[in-house]
Amino acid sequence: MLQRRPHVAPSAAQSELATALAALRTEIDAPTGFSPEAQAEAASATAPAPDLDLRDIAFATLDPAGSMDLDQAFQLERSGTGYTVRYAIADVPSFVTPGGALDEAARARGETLYAADGTIPLHPPVLSEDRASLLPDQDRPALVWTFALDATGAVTDTRLERALIRSRAKLDYVTTQADLDAGRDTPAALLPEIGRLRLAQEAQRGGASLNLPDDEVVRHDDGAYAIERRTPLPIEDWNAQLSLMTGMAAAQFMLQAKVGILRTMPQPDDAAFDTFRRQTEALGVPWTAGRYGDYLRGLDRDDPRTLPILEAASALFRGAGYVAFDGEIPAETTQAAIAAPYAHATAPLRRLVDRWSLAISLAVSRGEDIPAWVHESMTQIPDLMRAGAQRSSALNSRTLDLVEAAVLAPHVGEAFAAVVIRRNGERGTVQIADPPVTASMALPDSVAAGATIQVVLNAVDVAKGQVSFAVR
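In this text, all values refer to a predicted model and were calculated from it rather than measured experimentally. (Residues numbered from 1 in each chain as written. Predicted model: local features only at pLDDT ≥ 70, side-chain atom pairs only at ≥ 80, totals over all residues. Heavy atoms only, no water.)

## Quick notes on the pairing of strand β10 (residues 214-219)
On any regular strand, side chains alternate: one points to one face of the sheet, the next to the other face. Bridge count for β10 against strand β11 (residues 225-230) is six bridges, and the pairing is antiparallel. Note that in β11 the partner of V218 across the bridge is A226. (Pairing = 2+ DSSP bridges. Helix = DSSP H or I, 4+ residues; strand = E, 2+ residues; numbered from the N terminus.)

## Topic: the pairing of strand β3 (residues 59-63)
For β3, the buried fraction is high: five of the five residues fall into the buried class. The alternating pattern of β3 places F59, T61 and D63 and A60 and L62 on opposite faces, both of which are buried. Where β3 and strand β9 (residues 155-172) come together, five bridges link them in parallel fashion. In the sheet register, L62 faces β9, and the bridge partner there is L171. (Buried < 20%, exposed > 50% of the residue type's maximum accessible area, 1.4 Å probe, protein only.)

## Some remarks on the packing of aromatic side chains
Inspection of the entire model under this criterion finds ten aromatic pairs. Consider the rings of W145 and F253, whose centres lie 5.7 Å apart with planes at 25°: the pair is stacked. On the criterion of sequence distance, the pair formed by W145 in strand β8 (residues 139-149) and F253 in helix α8 (residues 234-257) is long-range, its members being 108 residues apart. A residue is classified by how much of its surface remains accessible, and F253, at 12% relative accessible area, is buried. Following the ring pairs from residue to residue traces out a cluster consisting of F273, F276, W287, Y292, Y295 and F317. Over the ring of Y322 we find R263, and its NZ or CZ is 4.5 Å from the ring centre. In this structure, R277 is placed above the aromatic ring of W287, and the distance from its NZ or CZ to the ring centre is 3.9 Å. (Phe/Tyr/Trp six-rings, centres within 6.5 Å; stacked < 30°, edge-to-face > 60°. Lys NZ or Arg CZ within 6 Å of the ring centre and 35° of its normal.)

## A word on the packing of helix α7 (residues 191-205) against α8
Contact pair α7 / α8: the axes reach a minimum separation of 8 Å and the direction vectors enclose 60°. One finds that α7 runs oblique with respect to α8. Handedness of the crossing formed by α7 with α8: left-handed. Of α8, the residues touching α7 (which contributes L191, P192, I194, G195, R196, R198, L199, E202 and R205) are I235, W238, N239, Q241, L242, L244, M245 and M248. Of the residues assigned to the contact of α7 with α8, the class counts are ten nonpolar, three polar and four charged. (Axes fitted to C-alpha atoms, helices over the stretch in contact; angles between N-to-C directions. Parallel < 35°, antiparallel > 145°, perpendicular 65-115°, else oblique. Left-handed = near helix turned anticlockwise from the far one by under 90°. Contact = heavy atoms within 4.5 Å. Nonpolar A, V, L, I, M, F, W, Y, C, P; charged D, E, K, R; others polar.)

## Here we look at the nonpolar core
Ranked by size, the top nonpolar core spans 57 residues in total, and within it W145 and L242 carry the most contacts. Considering each element in turn, this core owes the most residues, ten residues, to α8. Setting aside chain neighbours within four positions, we find L242 in contact with F74, L76, V85, Y87, L191 and I194. Formed by 23 residues, the second largest nonpolar core is a distinct cluster that contains M265, L283, L299 and L316. (Core = buried A, V, L, I, M, F, W, Y, C linked by side-chain atoms within 4.5 Å.)

## Examining helix α4 (residues 101-109)
Counted residue by residue, α4 has seven buried out of nine residues, so it is predominantly covered. The set of residues buried in α4 consists of A101, L102, D103, A105, A106, R107 and R109. Each element contacted by the buried residues of α4 is listed here: α2 (36-44), α3 (92-95), α5 (125-131), α12 (353-366), α13 (372-377) and α14 (381-408).

## Comments concerning the packing of helix α6 (residues 173-182) against α8
The geometry of α6 relative to α8 is characterised by a closest axis approach of 9 Å and an angle of 100° between their N-to-C directions. One way to sum up the angle between α6 and α8 is to call them roughly perpendicular. Touching Y173, T176, Q177 and L180 of α6 are P234, I235, E236, W238 and N239, all from α8.

Shown next, in the form of structure tokens:
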């Protein structure tokens, strides 16, 4: 939900900002387009005949408003004292020929990039936003996971099948959360119930999550850019649990076959935990006992000290990467924040590695040999994903810097209230609520993390995305 009204960059800074955003694509070496061969493959590729016809199942998608690259659709129902969850994933492996021009283009990208001035897709839009996307009222090939859950939300049975589906509804987070809150009928009616049970399963495993507020860059219909600060809605957490459940199932299939690409993250070491404990003590909300995930879940989101604590906790969530294996299970298989083996397997339209995960999972589920192209190429995927993630991170960080500078341009000389969310030696990171801006600046020794201070904006350079603050 929005914490404040959106803050829009003034017209005087818009043209300078637009130029800087266009230059940013060159700066990060973003792909500029698709070859005619890749476009032709995307427009002409056809999926094989599905194993099942599940068009009578009332699937629905749930995404941010306006999304067209719809990877997942769900259908939820009660089954005795438990539940049946069907989770359909766009059947991208059926549309992409290994070694072809479309495959080559996707490998060069790694993932879809969401730039402020337009999306840079993993696949041509004719595929990612049309022929393979699980759009409503369209027959679409999908890889359908079916989960049997008991009354506690634990998975008791899993299967994966290739099927033809037809989504009935294109839901968005904000509208669907409002429908749930008002008790209105929605295809997501069981999602809060199942989502909370899966969150309890996560807590029981020892999992943890941050759910930090996001500063998002949006572009209005008139072309003006703005920043919105939002906290994830409950429905986003519940929906994420369906994806996590699927990723854990894919990991189990991979471990069974001793072939796969896991998403791993090491458990924080004692030094990291000790540092975090000291930080929570300094902020007046000490973590004294129990698992860190339980401590984070118990924080009061309305307490001003919570944001600095969550920022400090981000150091516990480092080191995530991909591990490919073929014939021998790796020594480390767990994603520590999930507290289980896990694989990316639910966003093949937007993320390269998911195509490999789905191809492996389908073969294992069917009792078939894993395709030769998977064996031949899977060791390349971790490096390709790492390169794509680095490009995405640079794009997101620099975009936010540029738009923040444009939004602040008319406010040079003004004072703002700010919360210190992190200290690092003589400098620190402060968060201003209005306009929603995060900035690095020099801090006096007497100012600790968690403190509320007054800062003055001294200078802005929109073209470079730089701002300069000083303590008042």
